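The lines below spell out each chain.
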Amino acid sequence: MEVDTAAINTIVDKYDKDKSYLLAMFQDVQRQYRYLPKEAIQHICDRLRIPFSKGYEVATFYSSISLTPRGKHTVHVCLGTACHLRGGPNILDTFERELKIKRGDTTENGLFTLESVNCLGACALAPLVRIDGHDYGKTTPGSVKKIIKEYGETT
Ligand code: FES
């Protein structure tokens, strides 16, 4: 894919081309594209005069960095102990079925990325779903459908 090299240059310059801020640069790029395109890694590495392999190693080491396109909304289904016991796996199944994707994937229309997590720290609300930082507690398969609709996905 084509990346906006001028915008990436601005990010690199913001950190004074300091290699120790490589991860921060990647995170800034990811905020723009919702993932880190390989072309952006290449461009940043060229500007910092480090090999692509070094940049790629950093990008793949941190789970906060995604090398594949992500959806506009990230759905986190909690599968921590409390949520697991109160039906979390069933909630995840429902999201997978309704969105027609598997955990870790993004819908074709780019609207949702589906992920599971281990405890979101609000166990009293189990089973919990968090979308873009917004919590949905005591979810049921029925409420999953409503939540999806709320974000503009009806199929
Ligand atoms: S186990 Fe789900 S919020 Fe704690």
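Residues numbered from 1 in each chain as written. Predicted model: local features only at pLDDT ≥ 70, side-chain atom pairs only at ≥ 80, totals over all residues.

## Side note on the domain arrangement of the protein chain
Here's step 1: Parsing the protein chain into structural domains produces domain 1 (5–61) and domain 2 (73–150).
Here's step 2: For domain 1 and domain 2, the distance between their C-alpha centroids amounts to 31 Å. (Domains from an automatic or database assignment.)

## Considerations on the nonpolar core
Here's step 1: Ranked by internal contacts, the top residues of the largest apolar core, which has 16 residues, are Val75, Val77, Ile91, Phe95 and Val129.
Here's step 2: Within the residue set of this core, elements represented by two or more residues are strand 1 (73–78), helix 6 (88–99), strand 2 (112–117) and helix 7 (141–150).
Here's step 3: Considering every element that reaches this core, the biggest residue donor is helix 6, with four residues.
Here's step 4: Once residues lying within four places of it in the same chain are set aside, the contact partners of valine 129 are Val75, His76, Val77, Cys78, Ile91, Tyr136, Thr139 and Ile147.
Here's step 5: Among the nonpolar cores identified, the runner-up in size contains twelve residues, and Ile11, Phe26, Ala40 and Ala59 belong to it. (Core = buried A, V, L, I, M, F, W, Y, C linked by C-beta atoms within 7 Å. Buried ≥ 20, exposed ≤ 12 C-beta atoms within 10 Å, placed from the backbone. Helix = DSSP H or I, 4+ residues; strand = E, 2+ residues; numbered from the N terminus. Contact = placed C-beta atoms within 7 Å.)

## Observations concerning helix 3 (residues 38–48)
Here's step 1: Residues of helix 3 that are buried include every one of Ala40, Ile41, His43 and Ile44, and no others. Relative to the axis of helix 3, the buried residues are bounded by an arc of 165 degrees and lie together on one face.
Here's step 2: For helix 3, the secondary structure elements touched by its buried residues are helix 1 (5–14), helix 2 (22–33) and helix 4 (52–61).
Here's step 3: Remark: arginine 49 follows helix 3 within two positions and exhibits a positive phi of approximately 55 degrees. (Arc of directions from axis to C-beta.)

## A closer look at the sheet that holds strand 4 (residues 134–136)
Sheet strands pair by backbone hydrogen bonding; their relative direction is either parallel or antiparallel.
Here's step 1: The four strands lie next to each other as 2-1-3-4, forming an open sheet whose pairing is mixed. Looking at which strands have only one partner, the edges of the open sheet turn out to be strand 2 and strand 4. Going across the sheet, the axis of each strand differs from the next one's by a mean of 20 degrees, ignoring polarity.
Here's step 2: As paired elements, strand 1 and strand 3 (residues 129–131) share three bridges and run antiparallel to each other. By the bridge assignment, valine 75 is partnered in strand 3 with isoleucine 131.
Here's step 3: Contacting strand 1, strand 2 and strand 3, helix 6 crosses the sheet at an angle of about 150 degrees to strand 1. (Pairing = 2+ DSSP bridges. Axes fitted to C-alpha atoms, helices over the stretch in contact; angles between N-to-C directions.)

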